[in-house]
Structures are given as structure tokens and as C-alpha cells.
Amino acid sequence: GLLPAPSAPALASDADIRRLIVEECRAQPWLAKAHVEVLVRDGAVELRGVVMDASYREALRVIAENVPGVRRVEDRLAVIDPITGSFLKEHDKYLF
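Predicted model only: the values in this text are computed from it and were never measured.

Trainee: In this structure, what is going on with the environment of Ile-17? I would like to understand it.
Mentor: In this structure, Ile-17 sits in helix H1 (residues 14-26). Of the residues examined, Ile-17 reaches a relative accessible area of 0% and is grouped as buried. Remark: the alpha-carbon pair of Ile-17 and Val-40, spanning 23 residues in sequence, is separated by 7.3 Å. Other than its neighbours up to four places away in sequence, Ile-17 contacts Ala-12, Val-40, Gly-43, Val-45, Val-67, Pro-68, Gly-69 and Val-70.

Written as C-alpha cells, this is what we have:
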């Protein structure tokens, strides 16, 4: 016989998505010195703020992308050199 169709998972609310991203970020000790704001609207995540290393920026994007219900991630993070305090360029434009 035919098996019943699996029920679709409930869509995550924007508040749920934000909470899951923030919880995962707080669990990462390397993010202690990052200053990141997480905004969510209709499943679209916007990451704003400052990190001290480009690899942190990439990791934050991956954290957000892996949360159920996220439709897209907009990266508005700036990478700052921890020694000079200068904004680092990426993709030939300043991030801030």
C-alpha cells in the first residue's frame, strides 16, 4: 500500500530563526570579540557588524544558512584588522 505523505514541518518564525542563530553564535568562543547584529525578515537574514577575521565572517554566514527556515543570508559584516583598526577590503569594495 501507499504510505501517508510526511507532514510538512512547521515554518520557522523570524523570531525562531533569529534565536537559533544567536544561540549558535553564543556557543562559539571565537565570536566573543565580534559585534554582530542579526536581523530576520520573512526568512531573510541580514548580518551586520564587525569581525576581526575574514574566516569568522564566512563562519557566521554558514551558521545562518544552516538554520531551518532561512531563505537567504545578506552579509553586511565588516572585517577590521585587530592591530590597526582599519577596515579590510573584500571584493574590491569597502564593506561599511
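So much for the structure itself; the text now carries on.
Trainee: Please explain H1 as it appears in this structure.
Mentor: Three or four residues apart is the spacing at which side chains of an α-helix point the same way, because the helix has 3.6 residues per turn. Between its first and last C-alpha atoms H1 spans 18 Å; for 13 residues at 1.5 Å apiece the expected length is 18 Å, and the two agree. Restricting attention to buried positions, one finds in H1 the residues Ile-17, Ile-21, Val-22 and Cys-25. Looking straight down H1, one finds its buried side chains confined to an arc of 125 degrees; they lie on one side. H1 presents Ala-15 and Arg-26 as exposed residues on the side facing more than 90 degrees away from its buried surface. Buried-residue contacts for H1 involve strand E1 (35-41), strand E2 (44-51) and helix H2 (54-65).

Trainee: What am I meant to see in the packing of aromatic side chains here?
Mentor: Two aromatic rings, taken as a pair, are described by how far apart their centres are and by the angle between their planes. With the rule as written, the count across this model stands at 1 aromatic pair. Summarising the aromatic geometry, the rings of Trp-30 and Tyr-56 are spaced 5.2 Å apart at their centres and angled 35 degrees between planes, so their arrangement reads as tilted. Taken together, the residues span a long stretch of sequence, with Trp-30 in the loop between H1 and E1 and Tyr-56 in helix H2 at a distance of 26 residues. Judged by its relative accessible area of 27%, Tyr-56 is partly exposed.

Trainee: How do you make sense of the nonpolar core when you look at a structure like this?
Mentor: Nonpolar side chains in soluble globular proteins generally cluster together in the buried interior. With 18 residues, the main nonpolar core has Ile-17, Ile-21, Cys-25, Val-38, Val-45, Leu-47 and Leu-60 as its most contacted residues. The set of elements that each furnish at least two residues to this core consists of H1, E1, E2, H2 and strand E3 (72-79). The residues touching Val-38, leaving out its near neighbours within four places in the chain, are Arg-18, Ile-21, Val-22, Val-45, Glu-46 and Leu-47.

Trainee: Help me understand the layout of surface pockets, please; the structure alone is not making it clear to me.
Mentor: To find leftover empty space, one rolls a probe the size of a water molecule over the atoms. Put simply, the largest pocket is a space of about 210 Å³. Every residue along the wall of the largest pocket is listed here: Arg-18, Val-22, Cys-25, Arg-26, Gln-28, Leu-31, Ala-32, Ala-34, His-35, Val-36, Glu-37 and Val-38. Elements with a contribution of two residues or more to the lining of the largest pocket: H1 and E1. A class-by-class count of the residues in the lining of the largest pocket yields 7 nonpolar, 2 polar and 3 charged.

Calculation criteria
Residues numbered from 1 in each chain as written. Predicted model: local features only at pLDDT ≥ 70, side-chain atom pairs only at ≥ 80, totals over all residues. Heavy atoms only, no water. Helix = DSSP H or I, 4+ residues; strand = E, 2+ residues; numbered from the N terminus. Buried < 20%, exposed > 50% of the residue type's maximum accessible area, 1.4 Å probe, protein only. Contact = heavy atoms within 4.5 Å. Expected span 1.5 Å × (residues − 1). Arc of directions from axis to C-beta. Phe/Tyr/Trp six-rings, centres within 6.5 Å; stacked < 30°, edge-to-face > 60°. Core = buried A, V, L, I, M, F, W, Y, C linked by side-chain atoms within 4.5 Å. 1 Å grid on protein atoms, 1.4 Å probe; cavity = no way out; pocket = protein on both sides within 12 Å on 5 of 7 lines; lining within 4 Å. Points joined across faces, edges and corners; volume = space filled by probe spheres on them. Nonpolar A, V, L, I, M, F, W, Y, C, P; charged D, E, K, R; others polar.

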